[in-house]
Amino acid sequence: MKALVLVHAVVLLSCGVRASADPPEFVLEWGSGGTGDGQFAGAHGIEVDDDGYVYVVDTGNDRIQKFTSDGVFLSKWGTTGSGPGQFNHPHGVGIGPMGNVFVAETGNNRVQKFTSDGSFVTMWGSFGDGDGQFRHNHGLAVDGDANVFVADRDQNRVQKFTSDGTFIMAWGTRGTGDGEFTGPNGVAVDAEGNVFVADSSPRIQKFTNDGVFITSWGSFGTGDGEFDFPRGLSTDDLGNLYVADRNLHRMQKFTGTGDFLAKWGSFGNGEGQFNLPYAIRAGANGLVYVSDSNNFRVQLFQFAPPGVPATSIWGMLVMALLVLTAGTVIIARASARHGERYPR
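Figured I'd write up the structure that's included with this text. (Residues numbered from 1 in each chain as written. Predicted model: local features only at pLDDT ≥ 70, side-chain atom pairs only at ≥ 80, totals over all residues. Heavy atoms only, no water.)

**Remarks on the overall build of the protein**
Helix and strand counts for the protein stand at two helices and 26 strands. Buried residues in the protein amount to 55% of all 344 residues. If you sum the accessible surface of the protein, you get close to 13,600 Å²; carbon and sulfur atoms cover 52% of it. (Helix = DSSP H or I, 4+ residues; strand = E, 2+ residues; numbered from the N terminus. Buried < 20%, exposed > 50% of the residue type's maximum accessible area, 1.4 Å probe, protein only. Areas by Shrake-Rupley, 256 points an atom, 1.4 Å probe, with all protein chains shown as cover.)

**Quick word on the sheet that holds strand S4 (residues 63-67)**
The four strands are arranged S2-S3-S4-S5 in an open sheet whose pairing can be described as antiparallel. Of all the strands in the sheet, just strand S2 (43-48) and strand S5 (73-77) have a single pairing partner and so form its edges. Strand-to-strand twist across the sheet, computed as the mean angle between neighbouring axes with direction ignored, equals 20 degrees. With four bridges joining them, S4 and S5 adopt antiparallel strand pairing. (Pairing = 2+ DSSP bridges. Axes fitted to C-alpha atoms, helices over the stretch in contact; angles between N-to-C directions.)

**As for the environment of Ser32**
Along the chain, the position of Ser32 falls in the loop between strand S1 (25-30) and S2. A sequence separation of eleven residues divides Ser32 from Ala43, and the C-alpha atoms of the two residues are 9.8 Å apart. Setting aside chain neighbours within four positions, we find Ser32 in contact with Gly38, Gln39, Phe40 and Phe296. At 3.2 Å, the side chain of Ser32 and the side chain of Gln39 are in polar contact. (Contact = heavy atoms within 4.5 Å. Polar contact = N/O pair within 3.5 Å; in protein donor to acceptor, adjacent residues only side chain to side chain.)

**Focus on unusual backbone geometry**
Between Ser201 and Pro202 the backbone carries a cis peptide bond, its omega angle lying at 0 degrees. With respect to the helices, strands and loops of the structure, Pro202 is situated in the loop between strand S15 (195-199) and strand S16 (203-207). Positive phi, close to 55 degrees, is recorded for His249, a residue that is not glycine. Judged by relative accessible area, which is 13%, His249 ranks as buried. In the Ramachandran plot, Asn285 falls in the positive-phi region, its phi being about 60 degrees despite a non-glycine side chain. By the secondary structure assignment, Asn285 is in the loop between strand S22 (279-282) and strand S23 (287-292).

Following this line, the structure appears as structure tokens:
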């Protein structure tokens, strides 16, 4: 089967099939409202580690939940409070290169660091406007050198730290000019270390790793490349940027320089619909996870490989082969929108 899939993939690509900007295919979903394992009281931040495990910030329940790539519950940690390993309205989450999990807490105005199994390592931050202090810290991202970037929303700045919480630098002031913010929310870092920030203005700004402005795009509206409260951000291995456009209940995908590529989603609770989605995370092999906050669930999608139409049978089979290498098989039907998903 692998040889057959690869032969047809080569045939398709050699015939000059045009790269598609089609939206991704819905794969599966998990979650419901509640306090039990695999349930959420507002699924907010979401991350995926190098082994494919998914970490979801369960904000209303003041905890982190860990799942397999297809939504099987594995573990959880956190209770309400201000002690080590406790949370007060956690939001952003990031994974470091060594697998450590970093969580930004809005209520406690701090960042906590854990091992991948939830063991507490360290924490830093307090309420205030000094270096290393926060006022409503939201988004969080970690680069390849384990530097931690935090969107300090109410102070209209981004702060950069080492992985143990040592302050490095900050940038941003209130305004709408280059490098200024009006309520930064999401933050993401690409493989080259560039930092993307979702600003409530609404727009996306791109910076170097040390905060030098590069470019920006976006304005208020419902068209392609327009936003109404961009929230979560994520980059993929190709440098593309994904934006959770919260109030428009949709996702948008761009190149790293802001060229529009694709969009999907509408208001609702069906497959591929959203209700105030908070965060998005691009994983390996075209997989994209979305925390659908007010539907109390996580949805998983998958983009077809470049040059292969998402709706072609061989495009679907190529996707199945790619996901097979990540530990899961998708059995796709050419005439169907969905796939059936089975663990290996």
